[in-house]
Amino acid sequence: MVDVGNAVWALILPGVVLILAVATASGNAALGARDRGTPVHAAAMSPFRETGRLLRQQRRSVLGADSLLWRIGGSGLIVAAFLAALAVPIGALAPLDIPVGVVWFNAVDVSLWALWWLLGWGGNSVHPLIGGYRFLAQALAYEIPLMFALTAPAIGAQSLRLTDVVTAQQPVWFALTMPVAFIVYCVSVTAFSAWGPFALPAGTDIAGGVLGELSGVDRLLVLAGRWCLLVAGAAFAVPMFLGGGAGPLLPPALWVLVKTCALLAVFLLLGRAMPAIRPQRLAELGWVLVLPLVLLQLLITSVLTVMGKG
Amino acid sequence: MGVTTDPRHPLHLLLVEVPGNGAVRIGVEAAAAAAGHVLGIHPAESDVLLVCGTPGPELHAVIDRIWDQMPYPKHRAMLTSLEEIGTVFTTSQETLADRRAQRSAARKVAVSHPDGQDHEDRGPDDEHLNHEHPDDADDTKHDHDHDHDMPMGGHDHMSMDHMSMSGPGGYPLADGADDRDGLEMDVLHRRLGPILPVWPAGVVLDVTLAGDTITDASASMVDVDDHGRAESQNGAASALDQAAQVLTLAGWGTAAARTLRARDLAVTGRLEQARERLRPLIRRIERSVMLRWSLRGLQVRPDVDVRTVLLARLGRADAALNGRHFEPEPATLIDEIPALVEGRDIGSARLVVAALTVHPSRRTDTTDQAGRTKRHQHG
């Protein structure tokens, strides 16, 4: 019975992720329109209109582009987002309840290095190439802290299985007991989605960067993939740091959804409030400040875990 | 601005500002925002190419190349005064909606460029002026000869099996040169401008890039003979426009959008509202620790960095809106730009250029500079 439920959920999961991605994009556009003083209602509808426009638009190719690798980079982002979301347990359902769920997410996140880079490099064009460089510079800064941040809940639960991590958060969420790891995780999610203060790989100063040469359905896939990554990152934070489906009154599945949406809203509001961080500055921040802090977090978590056991 | 266009079909406009037409460009941006249209930052994502002003021959050639790089459906138009803007928007929407004409135009281009050499290129702002461009600009509207029902694709002529020169697509491979750390790095020659989002109108910067670092640069203006005049940069609207450019390049979309909103209010005469919105915005930008940190070390002049220029522009706008006296921003001559950008990464260089008020004349008008520009075109 649970197996059937898991299979059905795995099939409708991409749809749910896409709905959340559209809602996030729509909210972002509406907030942008409010700042700019343009019609808010029209902006809120813009993800739908943009989808329609891009589906009708001519696909574009660039002379000398490595089309295969370029298209792999472009279409891989959305697939990576679905794969990451698959590991999130929803109440009794956990389509991918493997013993190394945390490592699974980490593997997907590392694949983003290749995907964003191929997207920048494959187009044989200077500005996207620089966008690719920028993503790699950014990834160098966030990846190691992110890996340690993912380790903290695993140490706290003494398991890499996500259902165990959820169980270990009764009654106190890991977001409260390991705040540094939680913050580093959230920042890294916006960074691997190349969004908010980490959007310079697709920056206006390099004419759209990795997005620069894309039109039509290729562009649609990348834009959708980027929002889906943000959604998947928020959803994965729920079992890792926010107690999974635990909560009063509502069923667990609904709590996962509510917590995901709440985290997405926080991403939107905070991400829009700050200027971009230049990738070269980010490396300094990531290695000199954040890495020691997250290691300290790990040390404290480890000591507390051992003492709790002993 | 009383523009009535169908809000269900927002246009993605790629604006080209002909030097001396900043006021027209700002007016178009304000009208576009009011009507819910979107500004594109790259030909690939845009469907309307809108030229503000009358371009000279050199800029015109670049505009044709950009047009070639835009995917169908597309439309292009030129306007010299803001009175025409409503008509331009409605005409654009009608032309884009005419799928039959768009398809036949897409097909015609595919047939007339069998080798794809002209059609696809490496970016919005690199140009090969000696290429031929059959001017198929307005074919979209008139050409109904080809009724073949072909999907919008039209890109399948880009097969590269017949290109067997040294590098991909017949382009030579990048040169190598020593980077700062002594390791060899690919070197690319690239032209920034004259058509680039958030870029001083008409300025062309030929750069040599090692990775994303500019190792060598030379600057010039397009159509030098046509216009040696600088537009007057006074008033709240232009100060806010310049401030928004810095904020956009700094990647702070929210602050840039609010600044542009204040600019649009000022330009449409709603000064009271512009004043009210500007004060809290200035305080917020002044207080931002992240902006200070992100713009650190970007010197424009001795003791003046990009952040100082940004705050000065906002202060100037505030003074203009409140009828106080303010000093205009000192202008930078075009041949002073290379020294300011060499050794910087492209993002920092863009910020520094955005913090300049570029004057189109040179300190010493030498033919050497012009000759240098020519040599860089095919680097």
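The structure presented is a predicted model; accordingly, all values stated were derived computationally and were not measured.

All right, on to the overall build of chain B then. Per the secondary structure count, chain B includes 13 helices and 12 strands. Relative to its full complement of 379 residues, chain B shows a buried share of 48%. A fraction of 72% describes how many contacts in chain B between residues 6 or more apart in sequence connect residues 24 or more apart.

Residues and elements named next belong to chain A. The interhelical angle for the contact between helix α4 (residues 67-86) and helix α5 (residues 101-122), taken along N-to-C directions, is 155°, at an axis separation of 7 Å. By the criterion of interaxial angle, the relationship of α4 to α5 is roughly antiparallel. The element α4 and its partner α5 pack so that their crossing is left-handed. Packed against α4, whose contacting residues are Leu69, Trp70, Ile72, Gly73, Gly74, Gly76, Leu77, Ala80, Leu83 and Ala84, the element α5 presents Phe105, Val108, Ser111, Leu112, Leu115, Trp116, Leu118, Leu119 and Gly122 at the interface.

Right, let's get into unusual backbone geometry. Most peptide bonds take the trans configuration, and most residues that are not glycine carry a negative phi. Cis geometry is adopted by the peptide bond preceding proline 171 of chain A, which originates at glutamine 170 of chain A and carries an omega value of 5°. For proline 171 of chain A, the location among the structural elements is in the loop between α7 (162-167) and α8 (174-177). Across the junction of tyrosine 72 of chain B and proline 73 of chain B, the peptide omega takes the value -5°, indicating a cis bond. The topology assignment puts proline 73 of chain B in the loop between α2 (57-69) and β4 (75-79).

Residue and element names in this part refer to chain A. Mapped onto the elements of the fold, tryptophan 121 is located in helix α5. Among the residues examined, tryptophan 121 registers 20 C-beta atoms within 10 Å and is labelled buried. Along the backbone, tryptophan 121 and glycine 233 are 112 residues apart, and their C-alpha atoms lie at a distance of 25 Å. When near neighbours in sequence (up to four residues on either side) are disregarded, tryptophan 121 contacts Leu129 and Gly132.

Bringing the domain arrangement of chain B into the picture now. All names here are of chain B. Domains assigned within chain B are domain 1 (12-142) and domain 2 (236-328). Contacts between the two partners involve five residues from domain 1 and, on the opposite side, seven residues from domain 2. Its residues assigned to classes, the side of domain 1 that touches domain 2 comprises three nonpolar, two polar and no charged.

A word on the interface of chain A and chain B. The partner chain B presents 55 residues to the 46 residues of chain A that form the contact. At the level of secondary structure, the elements contributing two or more residues to the side of chain A that touches chain B comprise α1 (2-36), α3 (46-56), α6 (126-157), α10 (216-241), α11 (252-273) and α12 (279-309) of chain A. Broken down by class, the residue content of the side of chain A that touches chain B amounts to 17 nonpolar, 17 polar and 12 charged.

Residues and elements named next belong to chain B. Strand order in the open sheet formed by four strands is β2-β1-β3-β4, with parallel pairing between adjacent strands. On the outer flanks of this sheet lie β2 (38-39) and β4, each paired with one strand and no other. As paired elements, strand β1 (residues 12-17) and strand β3 (residues 48-52) share five bridges and run parallel to each other. Looking across to β3, one finds that glutamate 17 is bridged to cysteine 52. Against the sheet, helix α3 (residues 85-97) engages β3 and β4, with an angle of about 170° to β4.

Scoring rules and cut-offs
Residues numbered from 1 in each chain as written. Chains lettered and ligands numbered in written order. Predicted model: local features only at pLDDT ≥ 70, side-chain atom pairs only at ≥ 80, totals over all residues. Helix = DSSP H or I, 4+ residues; strand = E, 2+ residues; numbered from the N terminus. Buried ≥ 20, exposed ≤ 12 C-beta atoms within 10 Å, placed from the backbone. Contact = placed C-beta atoms within 7 Å. Axes fitted to C-alpha atoms, helices over the stretch in contact; angles between N-to-C directions. Parallel < 35°, antiparallel > 145°, perpendicular 65-115°, else oblique. Left-handed = near helix turned anticlockwise from the far one by under 90°. Domains from an automatic or database assignment. Nonpolar A, V, L, I, M, F, W, Y, C, P; charged D, E, K, R; others polar. Pairing = 2+ DSSP bridges.

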